[in-house]
Amino acid sequence: MGDHAVEALLRVGDSCLVLAQRLTAWCGHAPALEEDIALANIALDILGQARGLLTRTGEIEGAGRDEDALAYLRDAPDYRNVLLVEQPNGDYGHTMLRQFLFDAWAVELWPRLASSSDPVVAGIAGKAAKEAAYHVRHSSTWVVRLGDGTEESHHRMLAALDMLWPYTGEAFLDDEVDVAAAESALMPLPSSLLPAYRHRVEAVLADATLPVPPDPWWQRGGRQGSHSEHLTYLLADMQVVHRAHPGASW
Amino acid sequence: MTAATEIERAWALLAQVPDPELPAVSVVDLGIARDVQFDDGRLVVTITPTYSGCPAMREIEEDVRTLLAQRFDDVEVRTVLSPPWTTDWITEDGRRKLADAGIAPPGVRMLPLLMQGQPEACPHCGSSAVEELAGFGSTACKALWRCTSCREPFDYVKAH
């Protein structure tokens, strides 16, 4: 394993880390106490998955970077997350739709990663698979409830879908890193997850009385390091304490 | 003293380490403590997290090390992820202690969609008429349920 393994693992690890950071912004702000707790719990699981993957990435890279160095000391162009997860939270429906569009991917990815050729990655994925299955249950329920809810909630979900849909294709576009990672059996080929993803997403959108939008030009580049400006602000917020107090511990 | 006896003593000590978030049960009851072995004179305890983001792991690790250090000179605590923790590893003793503390132990998973299973009974009055209030609760491993007989809410350790 080498560079392609590091790149491929960062794509998943960073996606988890950035989404966890987005979700934690809801802590104390969600529309109901139960949902506040739910989002904090989901963020905690996803952050745990990110920590495991970043730690492992640092070990494989062999340059002495631990999870903290990778999380706090890289700038946006060094991040490899999909663009979907860095999109702003919007209203609660927007956040839950983004969550569902992520969970529906994660719930296909983790069971496949559980048979990764890297035993540590396989171990992380074995735990994450169970967590993702629980998360997607929660987020699908909310997409259906709000999509098939009041006129107001339906319109908000339509608007959220319109905004987020172009970001859902990126996770399934293979490049040379993905091909190399698949050849070494580290990870499944991203495109191989698409049929199951589409099946689930279309079924939930149908239940939610939301139309499946036509395929747009998929927004892409996050997995190669080209991000929207949203990520820069998110990282500034996440990294400021660590960078202001290098080496601090308590 | 034989190694086997020493390992038994280590397990007995581990049974005194409470889970920081579920203090009614120990790390042995919950199946978090997986293995105790001697490796070249060093006592090696293997633990596994319940959930990926369980914030109690570091505290558990320190509690285990501190308590075992009272009897053993050289203690190492290792964390493993595989095989992944499951609520099936909670012992019968652990299930009983949870129920006594007012926390419903994990129930049987009926359908793949019903990921968290269902409490078998209200831990307060024993009624099986229960309903889910929220899928997530006060810790990563719990959900919030309510008894429709006695009307009391209760924590439920999700089948996982």
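Everything numeric here is computed off the predicted structure, so don't read it as measured data. (Residues numbered from 1 in each chain as written. Chains lettered and ligands numbered in written order. Predicted model: local features only at pLDDT ≥ 70, side-chain atom pairs only at ≥ 80, totals over all residues. Heavy atoms only, no water.)

S.K.: Can you explain the pattern of salt bridges? Please cite residues and give values.
M.R.: The tally for this structure, following the rule as stated, stands at 27 salt bridges over all chains. Put simply, Glu202 of chain A and Arg198 of chain A hold a salt bridge, and the shortest N to O gap is 3.0 Å. Separated by four residues within a single helix, Glu202 of chain A and Arg198 of chain A lie in helix H9 (residues 194-207), roughly one turn from each other. A salt bridge links Arg78 of chain B to Glu76 of chain B, with the nearest nitrogen and oxygen atoms 2.9 Å apart. For Arg78 of chain B, a relative accessible area of 36% corresponds to the partly exposed category. By relative accessible area, Glu76 of chain B is classed as partly exposed at 22%. One connected set of salt bridges, linked through shared partners, spans Asp39, Arg42, Asp74, Glu76 and Arg78 of chain B. (Salt bridge = Lys/Arg side-chain N within 4 Å of Asp/Glu carboxyl O. Helix = DSSP H or I, 4+ residues; strand = E, 2+ residues; numbered from the N terminus. Buried < 20%, exposed > 50% of the residue type's maximum accessible area, 1.4 Å probe, protein only.)

S.K.: Residue-level account of the packing of aromatic side chains, with values.
M.R.: Applying the stated criterion across every chain yields a total of nine aromatic pairs over all chains. Ring plane angle 70 degrees and centroid distance 5.2 Å describe the contact between Tyr134 of chain A and Phe136 of chain B, whose orientation is recorded as edge-to-face. Residue Tyr134 of chain A is located in helix H6 (residues 119-147), and its partner Phe136 of chain B is located in the loop between strand E5 (130-134) and strand E6 (142-147); the two belong to separate chains. There is no split in this pair, since Tyr134 of chain A and Phe136 of chain B are both buried. Between Tyr51 of chain B and Trp85 of chain B the ring centres are 6.5 Å apart and the planes differ by 50 degrees, which places this aromatic pair in the tilted class. Of this pair, Tyr51 of chain B sits in the loop between strand E2 (42-47) and helix H2 (57-69) while Trp85 of chain B sits in the loop between strand E3 (75-79) and helix H3 (92-100), and the two are 34 residues apart along the sequence. With relative accessibility at 3%, the residue Tyr51 of chain B sits in the buried group. (Phe/Tyr/Trp six-rings, centres within 6.5 Å; stacked < 30°, edge-to-face > 60°.)

S.K.: Run through empty space enclosed by the protein, naming residues and quoting values.
M.R.: All names here are of chain A. In the structure shown here, the tally under the stated rule is three cavities of 30 Å³ or more. Reported here for the largest cavity is a volume of approximately 130 Å³. Forming the boundary of the largest cavity are 15 residues, of which Val12, Trp105, Met187, Pro190 and Arg223 lie nearest the centre. Secondary-structure elements contributing two or more residues to the lining of the largest cavity are helix H1 (3-24), helix H5 (92-113) and helix H8 (176-183). By residue number, the principal contributor to the lining of the largest cavity is H1, which donates four residues. Taken together, the residues of the lining of the largest cavity break down into eleven nonpolar, one polar and three charged. What the second largest cavity holds in volume is close to 90 Å³. (1 Å grid on protein atoms, 1.4 Å probe; cavity = no way out; pocket = protein on both sides within 12 Å on 5 of 7 lines; lining within 4 Å. Points joined across faces, edges and corners; volume = space filled by probe spheres on them. Nonpolar A, V, L, I, M, F, W, Y, C, P; charged D, E, K, R; others polar.)

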